[in-house]
Amino acid sequence: MMKKFLALMLSVSMIAGLAACGSKETEAPATDAPAAEAPAEGGDDAEAPAPAADGSGKHIFMFKSTGNSFGDLMYEGYSEYMSALGYETEYTSPAETTVAAQVQMLDELITQGVASIVISTNGDTGYDEVFQKAKDAGIPIVSIDSEASVNYRLAHINQAEVQDIGSYLVQAAVLITLGVDYPEDKTMEEVVAEQLGSYSGDEIVLGVLSAGVDTPVQNSWIAAMEVELAKDMYAGKVSPELDKKYGNDDPTESTTQANAFVAENKVDCIISPTTVGIAAAGQVLKQANSEIKLTGLGLPSEMQSFMPNSADEDAFTYVCPYMMLWDVIHLGAVAGAAIDAALTNGWAGTDGETFTMAAFRDYAEEDYSVYTQGDGTFVLAGTPYIFYKGNMAEWIDKL
Ligand code: RAM
């Protein structure tokens, strides 16, 4: 079933892209892990059966909601990795991007008996009771994309450094506002510093079209954008205030919010740190023939009509000259490797622990180490990758 083999050129392309993107500049994340949670609503008291010692049973992968290709691709990687090891996996996500919908679904699954849970959450709070029920039953939980409470997860699989993502998004938005192509031979930060050094125009204003107002991962990236904007080079040139709107990872709501940006006409560039938001904004800005530009985190397959697809095109005739993401399929597979390590080697996600991920598609076998940030432990799966006119064509069929 997963015979697409879309990632054959992934490593090579990714390494090239990373070099161009200046991946050395890793910084500490802007935010600490989620704070202690309020008591959860819902959840029933039925005791949950413990998972079988041999790893049999259903291994659950729960995304924030259904109908999101980003979640589907993570599951593709997760299930491919897990199935190769003989595990049975199931993709279950609620229709709505809410904490309550995830909690109800988790509660039912845990009562039925599941072997493990990988989850991307819709909020920092509200999961305590249901996660405690899983913990009592000995069901390992790993979070991915959007963090689960440090009290209940073994570790969080971090897609890329939070601060890198926030910084690169702001830098891209500023360069795009100034009509500057993605720099292939310098870091974006260097070019932003050069450009703003001689900039004397109106203060640049950036908008954010996010997912949910409470979504942990998007909020951590927004906080990182604000850290970036506090750097001296932006002072008086780019507003430190981001104009934030929330489309709840729903195409219709995201379209409404993108239309509001057009109607208000206050921002120069929208940063959408969600694949649903950026695709909706692309459509709105294109249709409106708006002067507002766009960047963010998007899937090349969903962004192809809003972005240049070949090096000889003028990127600025498109609403989104360049954007970012990471290898979503590989990210999902790393979560599978963490769950396997928990089940077979007693990997507990504590600081300094390591697990080995078997070779996956074009990725060689690799060790992943657990590190601590704030109150929580993390595993770093990858690095942000820039999609621009120089490489879009090769990515459209892959992600
Ligand atoms: C969306 C989801 C997810 C985010 C990606 C980039 O589909 O909101 O949380 O990480 O986009």
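In this report, we go over the structure that sits alongside the text. (Residues numbered from 1 in each chain as written. Predicted model: local features only at pLDDT ≥ 70, side-chain atom pairs only at ≥ 80, totals over all residues. Heavy atoms only, no water.)

## Notes on helix H6 (residues 188–197)
Put simply, the rule reads: Under the scheme applied here, a residue whose accessible area is under 20% of the maximum for its type counts as buried, over 50% as exposed, and between as partly exposed, the area being computed with a 1.4 Å probe on protein chains only. In this description a helix means any DSSP run of H or I spanning at least four residues, a strand means any run of E spanning at least two, and both kinds are numbered starting from the N terminus. When we speak of the arc, we mean the arc of directions from the helix axis to the C-beta atoms. Residue contacts follow a heavy-atom distance rule, with two residues in contact if any of their heavy atoms lie within 4.5 Å.
Among the residues of H6, those classed as buried are Met-188, Val-191, Val-192 and Leu-196. Buried residues of H6, viewed axially, fall in a sector of 125°; they line one side. Residues of H6 that are buried make contact with helix H5 (162–177), strand S10 (323–325) and strand S14 (385–387).

## A closer look at the site of the ligand
Using the following cut-off: We call a residue near a given molecule or strand whenever any one of its heavy atoms falls within 4 Å of it. In protein, a polar contact means a hydrogen-donor-capable atom and an acceptor-capable atom, both N or O and within 3.5 Å, with residues adjacent in sequence counting only if both atoms are side-chain atoms; elsewhere, any N or O pair within 3.5 Å suffices. Per-residue and other accessible areas were derived by the Shrake-Rupley procedure at a 1.4 Å probe size, with only the shown protein chains allowed to occlude residues.
Residues in contact with the ligand amount to 13 residues; listed here are only the nearest, Lys-64, Asn-68, Asp-145, Asp-249 and Thr-275. Within the side chain of Asn-68, a nitrogen or oxygen atom sits 2.9 Å from an oxygen atom of the ligand. Take Asp-145: an N or O atom from its side chain is 2.6 Å from an oxygen atom of the ligand. Coverage of the ligand by the protein amounts to 100% of the 290 Å² it exposes when considered alone. Among the elements that take part in the shell around the ligand, helix H7 (residues 216–229) stands out by supplying three residues, more than any other.

## So, the environment of Gly-207
Relative to the helices and strands, Gly-207 resides in strand S6 (residues 206–210). For Gly-207, a relative accessible area of 0% puts it in the buried group. With 62 residues separating them along the chain, Gly-207 and Cys-269 place their C-alpha atoms 6.2 Å apart. When residues no more than four places from it in sequence are discounted, the contact partners of Gly-207 are Asp-243, Phe-261, Val-267, Cys-269, Ile-270 and Ile-271.

## Concerning the packing of aromatic side chains
Test applied: For this analysis, a ring pair means two rings from Phe, Tyr or Trp (six-membered ring only for Trp) whose centres lie within 6.5 Å, classed as stacked if their planes differ by under 30 degrees, edge-to-face if by over 60, and tilted for the remaining angles.
Considering all chains together, one arrives at 19 aromatic pairs under this definition. Plain terms: the ring middles of Phe-131 and Tyr-152 are 6.0 Å apart, the flat faces sit at 45° to each other, and that makes the pair tilted. Taken together, the residues span a long stretch of sequence, with Phe-131 in helix H4 (residues 128–137) and Tyr-152 in the loop between strand S4 (141–144) and strand S5 (156–158) at a distance of 21 residues. In this pair, the class of Phe-131 matches that of Tyr-152, namely buried.

## Section: unusual backbone geometry
With a phi angle near 55°, Asn-248 is a residue other than glycine that sits in the positive phi range. Notably, Asn-289 is not glycine yet its phi reads approximately 55°, a positive angle. Relative to the assigned elements, Asn-289 resides in the loop between helix H9 (275–288) and strand S9 (293–296). Residue Asn-289 is classed as exposed on the basis of its relative accessible area, which comes to 68%.

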